[in-house]
Amino acid sequence: MLRNTLWNLLGEGLPMAAALLSIPLLISAVGMERFGALTLIWALLGYLGVLDLGLGRSLVQIVADRIGHAGGPGETPEEAGQGSANTAGIAGPAIALMGAIGILTGGAVALGAGLLADRFQLETGTSPDEIRLSLLVAAAIVPIALISAGLRGVLEAHQRFRPISLVRMTVGVLNYLSPLFVLPFSQSLVPVIAAIAAGRFIGLVGYGVLAVRQVPDLLRPGRWGRPALRGLFTMSAWMMLNNLVGPAMLYADRFILLSLVPAAMVAFYTTPFELLSRLMVIPGALSLALFPLASSLFRRDPPALGRILDAGGHLTLAVFLAMQAATIVGGETALELWLGPAFAANSASVLSILMLGVFFNATAYVPNTLIQSVGRVDVTARLQLVELPVYLGVLWLLAERYGAVGAAAAWSLRTAVDCGLLLVLLPRLAPGTGTVALTIGLRALLAGVAGLAGLLVGGPVGAAISLTGLLAVGLGVAGRLLRTRSWEKLAAPLRKNRAVPLPAALPAPRMNGQAIDGAAADRP
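Computed from a predicted model, the values in this text were never measured in an experiment.

K.L.:
Give a detailed account of the environment of Leu219, specifying residues and quantitative values.
P.N.:
Position of Leu219 relative to the elements: it lies in the loop between helix H7 (189–214) and helix H8 (230–260). Note on Leu219: relative accessible area 62%, which makes it exposed.

K.L.:
How would you sum up the environment of Arg414? Please name residues and give values.
P.N.:
The topology assignment puts Arg414 in helix H14 (residues 404–429). Sequence separation of Arg414 and Asn361 is 53 residues, and the distance between their C-alpha atoms is 9.1 Å. Not counting the four nearest positions on each side in its chain, Arg414 is found in contact with Met249, Glu387 and Tyr391. A distance of 3.5 Å separates the side chain of Arg414 from the side chain of Glu387, its partner in a polar contact.

K.L.:
Could you give me a rundown of the confidence of the model for the protein, with the residues and numbers involved?
P.N.:
Looking at the protein, the pLDDT average stands at 75 and 68% of residues meet or exceed 70. Counting contacts from residues 71–85, a segment whose pLDDT is below 50, to residues more than four positions away or on other chains yields 19 contacts. In this model, residues 490–524 is a region of pLDDT below 50 whose contacts with residues beyond four sequence positions or in other chains number 94 contacts.

K.L.:
I'd like to hear about the packing of helix H5 (residues 128–157) against H7, residue by residue, with values.
P.N.:
Helix-helix packing is described using two parameters, namely the angle between the two axes and the distance between the axes. It is at 9 Å that the axes of H5 and H7 come closest, and there the two elements cross at 15°. Judged on the interaxial angle alone, H7 and H5 are roughly parallel. Crossing geometry of H5 relative to H7 is assigned as left-handed. The residue makeup of the contact of H5 with H7, split by class, is 21 nonpolar, four polar and three charged.

K.L.:
Describe the side chain of Arg443, and please don't skip the residues or the numbers.
P.N.:
Here Arg443 lies in helix H15 (residues 434–457). The charged side chain of Arg443 is buried without a salt bridge, its nearest counter-charge being Asp310 at 6.3 Å. In this structure, Arg443 is in contact with His314, Leu317, Val473, Gly476, Val477 and Arg480, ignoring residues within four places of it in sequence.

K.L.:
If you had to explain the pattern of salt bridges to someone new, which residues and values would you point to?
P.N.:
Taken as a whole and assessed by the stated rule, the structure comprises two salt bridges. For Glu387, the salt bridge is made with Arg414, and the minimal N-O distance between the two is 3.5 Å. Taken together, the residues Glu387 in helix H13 (residues 377–402) and Arg414 in helix H14 connect sequence positions 27 residues apart. For the pair shown, Glu387 and Arg414 are each scored as buried.

Thresholds, definitions, all that
In this numbering scheme, every chain counts its residues from 1 along its sequence in written order. Reporting in this predicted model follows two pLDDT cut-offs: at least 70 for local features of residues, and 80 or more for side-chain atom pairs to be given and counted; totals over whole chains, interfaces and linings ignore these cut-offs and use all residues. The basis for the side-chain values is all heavy atoms of the structure; hydrogens and waters are excluded. Put simply, DSSP marks the helices as runs of H or I at least four residues long and the strands as runs of E at least two long, and each gets a number from the N terminus on. Under the scheme applied here, a residue whose accessible area is under 20% of the maximum for its type counts as buried, over 50% as exposed, and between as partly exposed, the area being computed with a 1.4 Å probe on protein chains only. Note on definitions: a residue-residue contact is assigned when non-hydrogen atoms from the two residues lie within 4.5 Å. Within 3.5 Å is the distance limit for a polar contact, defined as a pair of N or O atoms, with the added protein rule that one can donate a hydrogen and the other accept it, and that residues adjacent in sequence qualify only through two side-chain atoms. Every residue gets a pLDDT, meaning the predictor's confidence in that residue, from 0 to 100. Between the N-to-C directions of two axes lies an angle of 0 to 180 degrees, each axis being a line fitted to C-alpha atoms and, for a helix, fitted only over the stretch in contact. Geometric relationships in this document are graded by angle, where less than 35 degrees denotes roughly parallel, more than 145 denotes roughly antiparallel, 65 to 115 denotes roughly perpendicular, and other angles denote oblique. Take the far helix as your reference; a near helix turned counterclockwise from it by less than a right angle gives a left-handed crossing, and one turned clockwise gives a right-handed crossing. Residue polarity is assigned by list, with Asp, Glu, Lys and Arg as charged and Ala, Val, Leu, Ile, Met, Phe, Trp, Tyr, Cys and Pro as nonpolar; anything else, Gly included, falls into the polar class. The sign given to each residue is positive for Lys and Arg and negative for Asp and Glu; His and the chain ends receive no count. Salt bridges are counted wherever a side-chain nitrogen of Lys or Arg sits within 4 Å of a carboxyl oxygen of Asp or Glu.

Below, the structure written as structure tokens:
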């Protein structure tokens, strides 16, 4: 788990470093107007990625469930061949469908390139013809990106995070550095986007080679059978709803705040928010490693979910307790050194409040991942649908009265409630996780109370109160991690010989009362 998490972090971190290096050079070479158009095209490609209908993430869960149902490396060659066909039976059609969606979406972008070019031209002043040709090239990236996501899902289900990260690092670095190689010859956006497209195509080839090596039957449509894709579509619909509602709650605060206070005041909120949101790459990398592991173990060894929650949850607590303490000690000083004393004076309290929300948001990642890994994506989607109107109402009231501080308080309150609800719901969906969920919930609550008490008291005394409480919770978390070493036991069931039979009464993951069974999905 730790190794896979580190590979995921590396896969995210190296492209970020490439971005820090390349963006100033790009701005200097192509000018602010063209760079603005480039960022809009990047954003457009990012939003179009949601149109995979949630199939990529759903594919990871169902393929991993099949792997867990089929067994581990001890299987015979005949069983391995059946497992490959079983996996390809659901993965092949799903990837083909994602490719078809990508072609249709890319075609729509190409058809609307003229209209989009006029709109982009109004915003940036760049030539419409240049924007139109750039969009035509960008349209070709859409099917490449969606097919790559499907192939990556197959690899994630098999927990091949090292090669995935190597390909992702290559694609991410090329995404930012490849345009620099064409700048000596042209400052037009067209070759810049073409260079990005070439990098994405290299990634597609890399994922394709790795996926076919893992599941050879992906290249044999005749062996795909006639899989029942209903379970995959049901899960992907809920997953897409998660993908739509989550960003809505993430970005609603700045739009509401902008409608209530001057734009300059919004910066005091958005700047620390953007800074702290980068920390989410840590629990995100951990969750990416845990998702296929939990999906595979759910049927073979249900108690393993408790060990996953124990290891992943306490590891997240340890990291973000330290970050919360660092914010209390040096957050205002860091803001002052970075953006000046005037900005720090207006934004320090916002930073401290948001850090509380980030702490709860990070703590919620592992229970959220476990709920989705057992096939109950509908639970997290419904929870967000219920939270959304309540959050928007509270956000409006607090932001109207307290400005940026009120918006920060509303967001942090929502993440705390969301974390608590996920920890309450998890034991009902994954038996055996109740005791650990209660322990993690209580420790997160105590840390939150310590942080809140320090904010209310304020000054050095408040900081001392917060740090004392965080230290007490941190000692308990550290003791738990050192004492249990749960992460060393997580993958043990997958290493066992397949001769160990599955419990007959063990239920398959369910969605809305219907089983999502990988073995049954290939029935004619």
